[in-house]
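Spelled out, the chains give:
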Amino acid sequence: MRIVCIGGGPAGLYFALLMKRANPQHEVTVIERNRPYDTFGWGVVFSDQTLGNLKAADQTTYLQILDSFNHWDDIDVHFRGRTIRSGGHGFCGIGRKRLLNILQARCEELGVKLVFQTEIGQRAEFTDADLVIASDGLNSRVREQFTKVFRPQVDVGKCRFVWLGTNRLFDAFTFAFEETEHGWFQAHAYKYDDKTSTFIVETPEEVWLKAGLDKMEQNESIAFCEKLFAKYLDGFPLLSNSAHLRGSAMWIKFPRVVCAEWVHWHDGWGRRTPIVLMGDAAHTAHFSVGSGTKLALEDAIALARAITGRQDLAAALEAYQKERHLEVLKIQNAARNSTEWFENVNRYTAMEAEQFTYSLLTRSQRISHENLRQRDHGYVEGIEAWIAAGSGLPPAPRPPMFTPFRVRGLTLQNRVVMSPMAMYSCNDGTPDEFYLVHLGSRAHGGAAMVFTEMTCVTAQGRISPRCAGMYKAQHKLAWQWIVNYIHTRTGAKAAMQLGHSGPKGSTQIGWEDADAPLPAGNWPLLAASPIPYGPQNQTPKAMTRADMDEVTAEFVRAAEWANECGFDWLELHCAHGYLLSSFICPLTNQRGDEYGGTLESRCRYPLEVFRAIRAAWPQDKPMSVRISAHDWAPGGNTPDDAVRIGRMFKDAGCDVIDVSSGQTTRAARPVYGRMYQTPFADRIRQEAGIATMAVGAIFEPDHVNSIIASGRADLCALARPHLADPYWTLHAAAQLTYPGDGPAPGVEWPPQYLAGKTQLERNLERAAQIQDAPDANG
């Protein structure tokens, strides 16, 4: 094959040498606009895992890179006069110039043609190429030329950062945070050779502007940073290798690049030639996860492997895009979480140094509690003891999920809650034996609190004919029977979620045609505005003042009855497109009166209902509100709005915001993933100053521990995991080898089941020993 790589960065050079190594008959050319030794970066960072990939791809290059690496395991976090170190992270640093030189030399050794100081001109230059690799970096001209095919999306970050160096050698990957009168600045620093460290300074743009850095010349900016971080530099100056930039141009914003397509079959050179994006031309990931060069090299490995393993080039290119697109998406999602953490570091600066550091280390959601334990057991035990002490327990290590949570006059024994889930199994609103077993078994299973499904305050407010209710005397008696069982036979608390279906009512049960109207026997609906949930759904009536008064009274009656039943906790459902949500969401509230328009006006009626219930509900019992923190649709509510909603309910007396999202409109397009709604709970907790309950794709004990330890939420509500395993929390304790003994153990096995506990723990221990045992065959 005749292969042309446009761009002589790590991606283009590494792909070129891998292809020439695989088949010396390939004619491979790398075209680079700069001189061989020009580089505008300092050091790059790899993980130990990346090194393993390089070793498998080309042993010669791997050994040369390995010989040039500086390796370290520790991360130091400097915050408010404290330094906290955690170990076992396994980083490697190398100078970017040194890396390029190694790759250039290996290319020359294998016979790759390297062409420097050459601008890419007319397309005719590639008429003889069988494959063109666009590895020309972040500002790819090739990508721009074929933008209609590649369809790049570029999102620019909110921080300004400058890439500097220093001869101060750091013995750990260092994060340093300094507060100024303008706001917070942070430094990311690491050694990459025996003389030099990278030193990146970053701050939100509004802080950068307040500090006047936009008006400073380069030497003034450097002097500002040297003074700010003087105690970490030990007298060493900061160095710049971008003297060609004037004024504030050295401070840049990070662009996140995502391309819909990575391969273009071009017909304009007299033949059909594939042009393939690679490295930063195809994607970028924020430097705070250290993955830009890693991704570029792994792109090269994947494409070389795909081509050498197939006869059909088109199939190889399709396989390359499919494999790498998924992997890059994972990294970019983690990088987005990391970027947002640094962009909004002021959210977390009220934390103690212990939790601030833990939040920093787990910011991407790729590193979890157990990941940290594997890296540094002592660090994790220390943070667990700190969290236990903060919960009023002796300062001894225990999984954070098994610490108590106190609110008003209630104490939950741990942080796991069974989320409200519609069971569609009531008869005329009355729960029966199914609900006794359903809720009772989860209460036995170790959850600190079990929620009823959304319990409707009126027959008209049901989602389906089989939904639970609290509007008839027999409902109260049935719920009282269930609550009494939970209280007398388990250590769990019982919570009731109250709601009204609004425009999503009079539909079939969940396992039939969900959200579709009943075939017959439909009842009239109410909503903020006469907007149907979907084209099949009936148009609801816009509520009048009289309707509002009537529904509010129905909520109050249901709350009073819930208290008489003995429920410990009450939640108001203001999410997922139901009645109160239809007021809050701008897509479903088109009212022209005082209950429509601004967010404050749209929240007016839900707040009226909440205040009326709060007045009727005992003051020593907590109340929460479930909201949709993101409508996931153009024109809908955003996470910014969710913070304001949280503040309004907090001011009205709410104790906890139960943070869900979506389901307010059929136009919603959620972005799913592990713990995908937890960032919303985190933001509301930090910015609105109210406790939160995280929900959504939380299914492992590790998820719960990470969320609680980092302070992203105070409780974790699990839905589907509890459907699959009523004893999820007990099993989690066994999986974590947490015995549940000592004061306030946080989880208790029913005495009738203790023999099963012993066997489960024994079996899990044996399975772990087998997994850790060396392979007899090597």
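Our subject is the structure listed above.
Heads up: these notes are all about the structure in this document.

Parameters at a glance
Residues numbered from 1 in each chain as written. Predicted model: local features only at pLDDT ≥ 70, side-chain atom pairs only at ≥ 80, totals over all residues. Heavy atoms only, no water. Core = buried A, V, L, I, M, F, W, Y, C linked by side-chain atoms within 4.5 Å. Buried < 20%, exposed > 50% of the residue type's maximum accessible area, 1.4 Å probe, protein only. Contact = heavy atoms within 4.5 Å. Helix = DSSP H or I, 4+ residues; strand = E, 2+ residues; numbered from the N terminus. Pairing = 2+ DSSP bridges. Axes fitted to C-alpha atoms, helices over the stretch in contact; angles between N-to-C directions. Salt bridge = Lys/Arg side-chain N within 4 Å of Asp/Glu carboxyl O. Disulfide = S-S within 2.5 Å. 1 Å grid on protein atoms, 1.4 Å probe; cavity = no way out; pocket = protein on both sides within 12 Å on 5 of 7 lines; lining within 4 Å. Points joined across faces, edges and corners; volume = space filled by probe spheres on them. Nonpolar A, V, L, I, M, F, W, Y, C, P; charged D, E, K, R; others polar.

1. A few points about the nonpolar core
Stage number 1. In this structure, Trp479 and Ile684 are the most contacted members of the largest nonpolar core, which totals 91 residues.
Stage number 2. With sequence-adjacent residues up to four places away left out, Trp479 is seen in contact with Pro431, Tyr435, Leu439, Thr452, Thr455, Ala468, Gly469, Met470, Met496, Cys565 and Phe567.
Stage number 3. Among the nonpolar cores identified, the runner-up in size contains 70 residues, and Val30, Ala57, Phe69 and Val112 belong to it.

2. Observations concerning the environment of Tyr358
Stage number 1. Considering the arrangement of structural elements, one finds Tyr358 in helix H12 (residues 353-361).
Stage number 2. On the accessibility criterion, Tyr358 (0% relative accessible area) is buried.
Stage number 3. When the C-alpha atoms of Tyr358 and Ile84 are compared, they prove to be 9.7 Å apart, with 274 residues separating the residues in sequence.
Stage number 4. Dropping the residues within four chain positions of it, Tyr358 is found in contact with His369, Leu372, Tyr379, Ile383, Asn705, Ser706, Ala709 and Ser710.

3. Re the sheet that holds strand S15 (residues 238-239)
Stage number 1. Reading across from one edge, S6-S5-S12-S13-S14-S11-S15 is the order of the seven strands in this open sheet, with mixed pairing throughout. The sheet is open, and its two borders are formed by strand S6 (82-86) and S15, each paired with just one other strand.
Stage number 2. Pairing of strand S13 (residues 184-191) with strand S14 (residues 197-204), which is carried by six bridges, proceeds in the antiparallel orientation. Within the sheet, the bridge partner assigned to Ala187 lies in S14 and is Val201.

4. Side note on the sheet that holds strand S18 (residues 273-277)
Stage number 1. Pairing within the open sheet is mixed, and its six strands lie in the order S8-S2-S1-S9-S18-S17. Of all the strands in the sheet, just strand S8 (113-115) and strand S17 (263-266) have a single pairing partner and so form its edges. When strand polarity is set aside, the average angle formed by the axes of neighbouring strands in this sheet is 20°.
Stage number 2. One ladder, built from four bridges, connects strand S1 (residues 2-6) with strand S9 (residues 131-134); its direction is parallel. Of the residues in S9, the one forming a bridge with Ile3 is Leu131.

5. Considering unusual backbone geometry
Stage number 1. Phi at Arg151 is positive, roughly 50°, even though this residue is not glycine.
Stage number 2. One can find Arg151 in the loop between helix H6 (147-150) and strand S10 (152-156).
Stage number 3. The class of Arg151 is partly exposed, set by a relative accessible area of 47%.
Stage number 4. Of note, the phi angle at Gln663 is positive, near 65°, even though the residue is not glycine.
Stage number 5. Among the structural elements, Gln663 can be located in the loop between strand S28 (656-660) and helix H22 (678-688).
Stage number 6. Classification of Gln663 as partly exposed rests on a relative accessible area of 41%.

6. Regarding the pattern of salt bridges
Stage number 1. The full count for this structure, using the stated rule, is 40 salt bridges.
Stage number 2. In this structure, Asp171 engages Arg85 in a salt bridge whose closest nitrogen and oxygen atoms are separated by 3.2 Å. With Asp171 in the loop between strand S11 (159-166) and strand S12 (173-179) and Arg85 in strand S6, the pair connects residues that are 86 residues apart, well separated along the chain.
Stage number 3. Accessibility expressed as a relative area gives 58% for Asp171, which makes it exposed.
Stage number 4. The partly exposed category is assigned to Arg85, whose relative accessible area is 37%.
Stage number 5. For the salt bridge of Asp549 with Arg545, the shortest nitrogen-to-oxygen distance reads 2.8 Å. Taken together, the residues Asp549 and Arg545, both in helix H17 (residues 545-565) and four residues apart, mark about one turn of the helix.

7. Details of the state of the cysteines
Stage number 1. Counted by the stated rule, this structure contains zero disulfides.
Stage number 2. Cys159 forms no disulfide, and the closest cysteine sulfur to it belongs to Cys225, at a distance of 13 Å.
Stage number 3. By relative accessible area, Cys159 is classed as buried at 4%.
Stage number 4. Relative accessible area serves as the criterion here: at 0%, Cys225 is assigned to the buried category.

8. A look at the layout of surface pockets
Stage number 1. The volume enclosed by the second largest pocket comes to roughly 1600 Å³.
Stage number 2. Forming the boundary of the second largest pocket are 47 residues, of which Arg256, Asn333, Arg336, Asn337 and Glu340 lie nearest the centre.
Stage number 3. Listing elements by their share of the lining of the second largest pocket, those giving two or more residues are S10, strand S16 (255-259), helix H11 (313-343), helix H21 (639-651) and H22.
Stage number 4. At 13 residues, the largest contribution of residues to the lining of the second largest pocket is made by H11.
Stage number 5. Taken together, the residues of the lining of the second largest pocket break down into 17 nonpolar, 14 polar and 16 charged.

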